[in-house]
Amino acid sequence: MLVGSSSAVSLSRQVQGTGGSSAISKCSAAARGYIQDRFLRLLAGRRRRRAPLIHRGYYIRARAVDHCVQDFLLKTQRLSRTQILSLGAGFDSLYFRLKDMGLLHHTVVYEVDFPNVACQKATLIKGMKELSELVGDTGGEGKGAITFSGEDYKLLGVDLSDLSELERALEEAGLNNEIPTLFIAEVVLTYMENTRSDALIQWAAEHFPRACFLMYEQVHPEDPFGHVMQQHFRQLNTALHSLAQYADCEAQQRRFLGKVSTSSSRGWTECSVMDMNEFFTCCIPEDEQQRMQTLEPFDEYEVILLFSEDRGPGLDIIRHLWEVLGDIEVLEGADGMLLSVPRHAGPVGMAGSVPAAVCARLSGIPGLRRYGHHSVLIKPNVILTTGGFGEERGQHCRMRNFHVLSKRAGYWEAVSVTQNIPDKRWGERLYHTVSCLSDTLALVVGGRTSPSSAGLGMLWLKFPKTCNASGPDDVAVELVSLQPAAEAAALRWRHSTTEMTFKGEQYLFVYGGRSALEPVLGDWYFLHTPELSCTAIAVEGPVPESRHSHSACSWEGGVLIAGGLGAAELPLGSVFLLRELKHGFQWQTIETHPPLVPRYSHTAHVHEGKLLLVGGVWFHASSVPGITVIDLMTGLCLDYVIDVEHLEWPLMLHNHSSVFLPNEKELLVIGGGGNCFSFGTHLNPEPVSLSLSSILISH
């Protein structure tokens, strides 16, 4: 019994620690101008500057919750009395912001958290004039669970898992179950055992007939991002109990609306869910989106969408931001208020599956755990991988070493190669391109170190014409001397560089991307090889929307552009062909049916008139992108899921590279992953082989 008691105390401390970390992150976001909140710095205690990705995540979370709270206050402003009950409030500043804005004329705010958390917060309020004068002090603290009492603010120290004690303490503090009530549970219930959190949800419905319940909570534990998130919380000894039973938006709705038994339900009559991606797109004005996006240099577009899609609150509102935030649900009782929001699209239908297998003999090979890199076939069965961010000598860093994969006797083998870079001209770059122009020469275009730095220009990679069985022993790196007209083509990243022909001459087509000054580019350059002179060639037709993180492939002398992230930071679902004419080129739209699901950060290949899109990020959290096959003659577009049953780790198919071997109909996926919000960095540990024979034959 002593062991159990000690474990419970330890667990509660771990859960309380998440609240303190959240307050520090919100405070950091406010300091950088993401949210307007002068009270966070007074309540958060110690300060620490967080990364831009963390700031964006907490920005959307704060906006979503405030949106719901202020909507509740607006819809009840003509009533004589209302109340807000914030469960697990921690060091949140909600009351002080609302009071400062003059929005609590007839509303009392109740906050509940663990007793020691509530006592710490009460001490902070009493010790800071700016807080104590705003709330006032009626001297009610010390009465039972009440640690601070103001005219319109009550702070209670109660363990939420003890429902009878919670009910007694709230009654003692004056909570009225007959007036409109907004419950707020912002990443709180998930730390409780499901039987206890479900009982609390049912209690709220049964005792407060005029109530709304706003819940912000994680969902989608089984996608790759969800796996990393769960592992993080397990390491903190703060398991997310709700995730297994309430894994998606539909399950969360059933949590409130479903039957408890054959004769009763949990009492809620309406429930709506929206993820953070939808909230950001639909509920935040465009000018405010643009303001936020320009606050700091940012280049982690994959994670923010994934985070936003895996989280959300609950007052008829939201489901990271974009696959890196959450879900908002709007729940109401019989006389509750229902907010209306756009609904997200349904699940993506899959035409079949593609088996994934770890490449034998490549397990544990150093240097292959990376993302934001580029891999290119430099000779038959020889793949050169350069750049990116990953693991080198046990440390996470920008990758300096080049790696070669060579296929011998049916097996891929890896070897690290030396670089002849006496003055570090390689630059440890990410999000560059590499084009193999001959059996001894490849061209590196663009890339970056920091997202606030300028693009890194162009480099030649030179390797021996004849290699030993394991590939080249060394790769020489040389600077490219560019004409002024061509320099702008190189100062970018997340772009594409594609081989093409015009009037029998070879060109490289550099398109799109972003730069330190422009968050998205829509320009293009024709570079005549091998001297890389910038050539003016006429292009007609409707110009594609500016984009980065798209794919580009050579096809019939022209270039196929698919997907990408547009100027509004929304995935694009368009496919364009830059088609050769007698006097130049023409942009031509490729219509697909069904329409291509918008995506970005994928790779692409063309095989026998079929465009193959590999992985990426999209808005549909019911599945993750696998392989999409588009018939370029008919426009037929089919999606295939990747069967990862035999992989022992989550396969993140973004920021990866891929090489297609047409004879074997084999696709080799190298690297991939990224920073997973505050949950750590995931790097796909081994290359994965995908056999596409069955889908290419049947398509």
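Numbering of residues starts from 1 in every chain and runs along the sequence as written. It should be noted that, the model being predicted, local features are given only for residues of pLDDT at least 70 and side-chain atom pairs only at 80 or more, the latter also being counted only at that level, while totals for whole chains, interfaces and linings use all residues. Computation of side-chain values covers all heavy atoms of the structure but excludes hydrogens and water.

1. Overview of the overall build of the chain
Put simply, DSSP marks the helices as runs of H or I at least four residues long and the strands as runs of E at least two long, and each gets a number from the N terminus on. The number of helices and strands found in the chain is 16 helices and 38 strands. Exposure categories follow from relative accessible area, calculated using a 1.4 Å probe and restricted to protein chains: below 20% of the type maximum is buried, above 50% is exposed, and the middle band is partly exposed. Relative to its full complement of 699 residues, the chain shows a buried share of 59%. A 1.4 Å probe and the Shrake-Rupley method give the accessible areas. Residues count as covered only by the protein chains that appear here. Carbon and sulfur atoms make up 51% of the accessible area of the chain, which totals about 27,100 Å².

2. Here's the deal with the pairing of strand β26 (residues 551-555)
Side-chain alternation along β26 places Ser-551, Cys-553 and Trp-555 on a buried face and Ala-552 and Ser-554 on a face that remains uncovered. Here β26 runs beside strand β27 (residues 558-562); their pairing, made up of 5 bridges, is antiparallel. Each residue of the ladder has a partner; that of Ser-551, found in β27, is Ala-562. Paired strands are those between which DSSP finds at least two bridges.

3. Considerations on the packing of aromatic side chains
Two rings from Phe, Tyr or Trp (for Trp, the six-membered ring) form a pair when their centres are within 6.5 Å of each other. A pair whose planes differ by under 30 degrees is stacked, one over 60 is edge-to-face, and the rest are tilted. Scanning the model with the defined rule gives 25 aromatic pairs in all. Considering the side-chain rings of Tyr-95 and Phe-96, the 5.1 Å spacing of their centres and the 80 degrees angle between planes classify their relative orientation as edge-to-face. Aromatic rings pair up to connect Phe-502, Tyr-507, Phe-509, Tyr-511, Trp-524, Phe-526, Phe-576, Phe-585 and Trp-587 into one cluster. If you follow Arg-56 out to its NZ or CZ, it ends over the ring of Phe-298, 3.9 Å from the centre. Above the face of the Tyr-431 ring, Arg-494 is positioned so that its terminal group lies 4.1 Å from the ring centre. Charge-over-ring placement is defined geometrically: NZ (Lys) or CZ (Arg) within 6 Å of the ring centre, and within 35 degrees of the ring normal.

4. Section: the pattern of salt bridges
In the sections that follow, a salt bridge refers to a side-chain nitrogen of Lys or Arg positioned within 4 Å of a carboxyl oxygen of Asp or Glu. A full pass over the atoms with the stated rule returns 30 salt bridges. A salt bridge links Arg-38 to Asp-100, with the shortest nitrogen-to-oxygen separation between them at 3.0 Å. Of this pair, Arg-38 sits in the loop between α1 (2-31) and α2 (40-43) while Asp-100 is found in helix α4 (residues 94-100), placing the two residues 62 residues apart along the sequence. When the shortest N-O distance is used, the salt bridge between Arg-56 and Glu-569 registers 2.8 Å. You can call Arg-56 buried: its relative accessible area is 1%. Accessibility expressed as a relative area gives 13% for Glu-569, which makes it buried. Shared partners join several salt bridges into a network, and the residues in it are Lys-26, Arg-61, Asp-92 and Glu-186.

5. A look at the environment of Leu-430
The residue Leu-430 is located in the loop between β16 (411-420) and β17 (433-436) in this model. Considering only alpha carbons, one finds Leu-430 and Arg-448, 18 residues apart in sequence, at a separation of 5.3 Å.

6. Details of the confidence of the model for the chain
Mean pLDDT for the chain: 84, with 86% of residues reaching 70 or above. Segment residues 1-11 is flagged for pLDDT under 50; beyond a separation of four residues in sequence, or across chains, it makes 3 contacts in the model. pLDDT is a per-residue confidence score from the predictor, ranging from 0 to 100. What makes two residues a contact is simply this: any of their non-hydrogen atoms within 4.5 Å. The low-confidence segment residues 312-345 (pLDDT under 50) makes 252 contacts with residues lying over four places distant or belonging to another chain.

7. What to know about unusual backbone geometry
Residue His-593 is joined to Pro-594 through a cis peptide bond whose omega torsion reads -10 degrees. With respect to the element layout, Pro-594 can be found in the loop between β29 (584-589) and β30 (603-607). Of note in this structure, Asn-381 is not a glycine but carries a positive phi near 65 degrees. Taking relative accessible area as the criterion, Asn-381 reaches 28% and is therefore assigned partly exposed. A positive phi angle, close to 50 degrees, is found at Lys-665, a residue other than glycine. Here Lys-665 shows up in the loop between β34 (657-661) and β35 (666-670).

8. Things to note about the sheet that holds strand β24 (residues 533-535)
Sheet architecture is open: 4 strands sit in the order β21-β22-β23-β24, paired in antiparallel fashion. The open sheet has two edge strands with one neighbour each: β21 (496-502) and β24. Mean inter-strand twist for the sheet, computed between neighbouring axes without regard to direction, equals 40 degrees. In this structure, β21 lies alongside strand β22 (residues 505-511), joined through 7 bridges in antiparallel fashion. When the bridges of β22 are listed, Glu-499 appears paired with Leu-508. Lines fitted to C-alpha atoms define the axes here, with helix axes fitted over just the stretch in contact, and angles between the N-to-C directions of these axes take values from 0 to 180 degrees.

9. Brief notes about the sheet that holds β29
Spatially, β25-β29-β28-β27-β26 is the arrangement adopted by the 5 strands of the open sheet, whose pairing is mixed. What marks the edges here is a single partner per strand, and that holds for β25 (538-540) and β26. Between one strand axis and the next, the sheet turns by 20 degrees as a mean value, whatever way the strands run. Here β27 runs beside strand β28 (residues 575-580); their pairing, made up of 4 bridges, is antiparallel. Bridging from a neighbouring strand, Val-559 pairs with Leu-578 of β28.

10. Some words on the packing of helix α3 (residues 52-75) against helix α13 (residues 286-293)
At a minimum axis distance of 11 Å, the contact between α3 and α13 shows a crossing angle of 150 degrees. Between α3 and α13, the angle is such that the two are roughly antiparallel. As α3 runs across α13, the sense of the crossing is right-handed. Only Glu-288, Arg-291, Met-292 and Gln-293 of α13 make contact with α3, whose side of the interface consists of Arg-56, Tyr-59 and Arg-63. Residues were grouped as follows: Ala, Val, Leu, Ile, Met, Phe, Trp, Tyr, Cys and Pro as nonpolar; Asp, Glu, Lys and Arg as charged; and all remaining residues, including Gly, as polar. Tallied by class, the residues present in the contact of α3 with α13 amount to 2 nonpolar, 1 polar and 4 charged. Oblique is the label for every angle not falling under 35 degrees (roughly parallel), over 145 degrees (roughly antiparallel), or within 65 to 115 degrees (roughly perpendicular). Helix crossings get a hand from a simple test, with the near helix turned counterclockwise from the far one by less than a right angle marking a left-handed crossing and a clockwise turn marking a right-handed one.

11. Concerning the environment of Ala-199
Along the chain, Ala-199 turns up in helix α8 (residues 194-207). Residues Ala-199 and Leu-163, 36 residues apart in the sequence, show an inter-C-alpha distance of 8.0 Å.

12. What to know about the nonpolar core
Formed by 73 residues in total, the largest nonpolar core has its most connected members in Val-69 and Ile-84. Of all the elements, α3 adds the most residues to this core, at 12 residues. For Ile-84, the residues in contact, after removing those within four places along its chain, are Val-69, Phe-72, Leu-73, Leu-98, Thr-107, Val-108, Val-109, Tyr-110, Leu-182 and Ile-184. What we call a nonpolar core is a set of buried Ala, Val, Leu, Ile, Met, Phe, Trp, Tyr and Cys residues that are connected through their side-chain atoms within 4.5 Å.

13. A word on the pairing of β35
Burial analysis of β35 places 5 of its 5 residues in the buried class, which makes it a mostly covered element. Burial along β35 is two-sided: the face carrying Glu-666, Leu-668 and Ile-670 and the face carrying Leu-667 and Val-669 are both buried. Taking the residues that link successive antiparallel strands as the turn, the β34-β35 hairpin has 4 residues, and the phi of Lys-665 there is positive, at about 50 degrees. Examined bridge by bridge, β35 and strand β38 (residues 688-691) share 4 bridges and lie antiparallel to one another. Bridging across to β38, Leu-667 finds its partner in Leu-690.

14. Re α8
Expected helix span is taken as 1.5 Å per residue step, with the number of steps being one fewer than the number of residues. Compared with an ideal rise of 1.5 Å per residue, which puts 14 residues at 20 Å, α8 spans 20 Å between its outermost C-alpha atoms and is within 8% of the ideal. All buried positions along α8 are accounted for by Asn-194, Ser-197, Asp-198, Leu-200, Ile-201, Gln-202, Trp-203, Ala-204 and Ala-205. Residues of α8 that are buried make contact with β1 (82-87), α7 (163-173), β5 (181-186), β6 (211-217), α10 (242-245) and α11 (249-257).

15. Remarks on the environment of His-227
Among the secondary structure elements, His-227 is positioned in helix α9 (residues 224-235). Under the relative-accessibility criterion, His-227 is labelled partly exposed at 32%. Not counting the four nearest positions on each side in its chain, His-227 is found in contact with Pro-221, Glu-222 and Pro-650.

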